[in-house]
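# Analysis of the macromolecular model
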Amino acid sequence: MTHRLKIAAITPLARNVFQYDLEKPEGLVFEPGQAVDVSIGKEGWEDEKRPFTFTSLPCDDRLQFMIKSYPDHGGVTEQLARLIVGDMLIIDEPFGTIAHRGEGTFIAGGAGVTPFIAILRDLQRQGRLAGHRLLLANRTERDIFPQAELDAMAGLDVTHILSEEQGTQHETGRIDCAFLERSIDDLSQKFYVCGPPQMVEDVNDALKQLGAEPDGLVFEE
């Protein structure tokens, strides 16, 4: 089923990142970590669908997405950044294989953090965050979202890794095999990986090389 939904609020979060709060259609069912195909309810854009992950929880009164815009791509995300409250988005049925399967480490690159936001919010709501870790890679601190919320999650161990910023209190470089080897002690835990396709492939390969079980890797297949 397709839903045509009005944007109720738009909030800037970070560099070229906006939070969109939408009306919630009755009967929509999804799990934290799932996504939907989204298009813009304007002529010429209704068939241009892109997958975005819910950052809201199933129990929330509104639907929410946090979306990074790429102004130089001339595509859907650029158009999304031009929308105003009252404009319409069109969503399809939820899908996705990323879901919480046990205590572990979340590894995200940039906007790949979005499925983990919903999962971590749900764990926080249940009082089950303790023992989980988030490794979040971005170019600079200006690109991190939602930094204040993530850093304030009691029980969650958060490490930011910045690839294009020096003189920072955070880790610098990339989440590669060497970084993972010195950062992770327990390879029997679950590993949740989301980000650009090449990053996901490289991180999964590195984790398996270090000794992680393939069945312990959770990612969008």
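Look up a bit, the structure's there.
Residues numbered from 1 in each chain as written. Predicted model: local features only at pLDDT ≥ 70, side-chain atom pairs only at ≥ 80, totals over all residues. Heavy atoms only, no water.

## Some thoughts on the layout of surface pockets
Each pocket or cavity is described by its volume, and for the largest pocket that value is around 1400 Å³. Lining the largest pocket are 48 residues, and of these Y70, G109, A111, G112 and P196 sit closest to its centre. Of all elements in the fold, only strand 4 (50–53), strand 5 (63–68), helix 1 (76–80), helix 2 (114–126), strand 8 (133–138), strand 11 (190–194) and helix 5 (197–210) reach the threshold of two or more residues within the lining of the largest pocket. Looking at the lining of the largest pocket residue by residue, the class counts come to 21 nonpolar, 17 polar and ten charged. (1 Å grid on protein atoms, 1.4 Å probe; cavity = no way out; pocket = protein on both sides within 12 Å on 5 of 7 lines; lining within 4 Å. Points joined across faces, edges and corners; volume = space filled by probe spheres on them. Helix = DSSP H or I, 4+ residues; strand = E, 2+ residues; numbered from the N terminus. Nonpolar A, V, L, I, M, F, W, Y, C, P; charged D, E, K, R; others polar.)

## Section: the sheet that holds strand 9 (residues 157–162)
Pairing within the open sheet is parallel, and its six strands lie in the order 10-9-8-7-11-12. Only two strands of the sheet have a single partner each, and these edge strands are strand 10 (171–172) and strand 12 (217–218). Note that strand 9 and strand 10 share two bridges and pair parallel. Bridge pairing links I161 to E171 in strand 10. Along the sheet, helix 2 contacts strand 7 (104–109), strand 8 and strand 11; its crossing angle with strand 7, the most-contacted strand, is approximately 145 degrees. (Pairing = 2+ DSSP bridges. Contact = heavy atoms within 4.5 Å. Axes fitted to C-alpha atoms, helices over the stretch in contact; angles between N-to-C directions.)

## Section: the sheet that holds strand 4
Taken together, six strands build an open sheet; the order of strands is 4-3-6-1-2-5 and the sheet is antiparallel. Strands at the two margins of the open sheet, each flanked by one partner only, are strand 4 and strand 5. The sheet shows a mean angle of 45 degrees between the axes of neighbouring strands, direction not considered. Pairing of strand 2 (residues 17–22) with strand 5, which is carried by six bridges, proceeds in the antiparallel orientation. Along strand 5, the bridge assignment pairs Q19 with M66. In the packing of helix 2 onto the sheet, contacts are made with strand 4 and strand 5, and the angle to strand 5 comes to roughly 145 degrees.

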